[in-house]
Structures are given as C-alpha cells and as structure tokens.
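# A closer look at the structure
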Amino acid sequence: QVHVVESGGGLVQAGGSLRLSCAASGRIVSINAMGWYRQAPDKQRELVATITRSGLTNYADSVKGRFTISRDNAKNTVFLQMNNLKPDDTAVYYCTAEVISLLFSGDYWGQGTQVTVSS
C-alpha cells in the first residue's frame, strides 16, 4: 500500500510565500513523475507543476516565475515553493506521484492541503 501526504498549506496575505511538501511512503520501488494540482471552489482541478525523476519541470503559465517545484528522490518527497502569492492561487493543492510499487503501480494522490491567499 502507498500513502501520499501533503503538508504546508495555510493562510497568507497576497505577496507572501508558502512551501508545500509531499511525502510518499509504503511499498515503493521507484517514483517516476511527481506533481502538484489544485482545485478552487467551483472550478476543475488543474495542473500546477510537475517534475520527472531526472528533474525536468513543467509549470502552468499562471505560476511560471512565481512557483518552483523540486524533489528529493531519496526521501520520495516533492516540494512546491510558492512566492508572490495572489488571491487567485487560493485552492486545495493536491500532490500526485507516479509510483512503481511491489503491489499496485500507478498514480497516487494525496488528500489535499488548503492554501488561502487574502487580498
């Protein structure tokens, strides 16, 4: 069984920063891509950023230049540094990991962490 757990969300004023963390644990052989998605009220879930095992990154246009994704392969963790936050960044942020497992390989998701940016 594989667990994915996010942390680091909270309330911040516009222009502020937050750092999200996500750790995958369990019967993991390896993790390919990891990423962050977000879902605002009454909106569809959208991609924020992804990172491959080798470190190649991809960002949504709306966060380029403000957010940075990184990972620690040895600890099966991924981070999202969010700077210059805007009220439009308010959403539940979800971590995902493409896991190669001893039992069930596939995409695993965390429960989400709330990020609220006040104006």
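Residues numbered from 1 in each chain as written. Predicted model: local features only at pLDDT ≥ 70, side-chain atom pairs only at ≥ 80, totals over all residues. Heavy atoms only, no water.

## Topic: the state of the cysteines
Evaluated as defined, the whole model comprises one disulfide. Bridging Cys22 to Cys95, the disulfide has an S-S length of 2.0 Å. Between Cys22 and Cys95, the disulfide has an S-S torsion of -80 degrees and is therefore left-handed. Of the two residues, Cys22 sits in strand 3 (residues 18–26) while Cys95 sits in strand 9 (residues 91–101), which places them 73 residues apart along the sequence. (Disulfide = S-S within 2.5 Å. Helix = DSSP H or I, 4+ residues; strand = E, 2+ residues; numbered from the N terminus.)

## Brief notes about the nonpolar core
Core analysis: the biggest nonpolar cluster contains 32 residues, and Trp36, Leu80, Met82 and Tyr93 have the highest contact counts within it. Mapped onto this core, the elements with two or more residues apiece are strand 1 (2–7), strand 3, strand 4 (28–39), strand 5 (46–51), strand 7 (67–72), strand 8 (77–82), strand 9 and strand 11 (113–118). Counting residues per element, this core draws most heavily on strand 9, which supplies five residues. (Core = buried A, V, L, I, M, F, W, Y, C linked by side-chain atoms within 4.5 Å. Buried < 20%, exposed > 50% of the residue type's maximum accessible area, 1.4 Å probe, protein only.)

## Some points on the pairing of strand 9
Consecutive side chains of a regular strand alternate in pointing toward one face of the sheet and then the other. When you tally the buried positions in strand 9, you get eight out of eleven residues, the bulk of the element. By the bridge criterion, nine bridges tie strand 4 to strand 9 in an arrangement that is antiparallel. Directly across from Met34, in strand 9, lies its bridge partner Ala97. Two elements, strand 9 and strand 11, share three bridges in a ladder whose sense is antiparallel. Of the residues in strand 11, the one forming a bridge with Val92 is Gln114. Pairing between strand 9 and strand 10 (residues 106–109): four bridges, direction antiparallel. In the strand pairing of strand 10, Glu98 is matched with Asp107. Here strand 9 hands over to strand 10 after four residues, the two strands then running antiparallel side by side. (Pairing = 2+ DSSP bridges.)

Shape descriptors only; they carry no functional weight alone.
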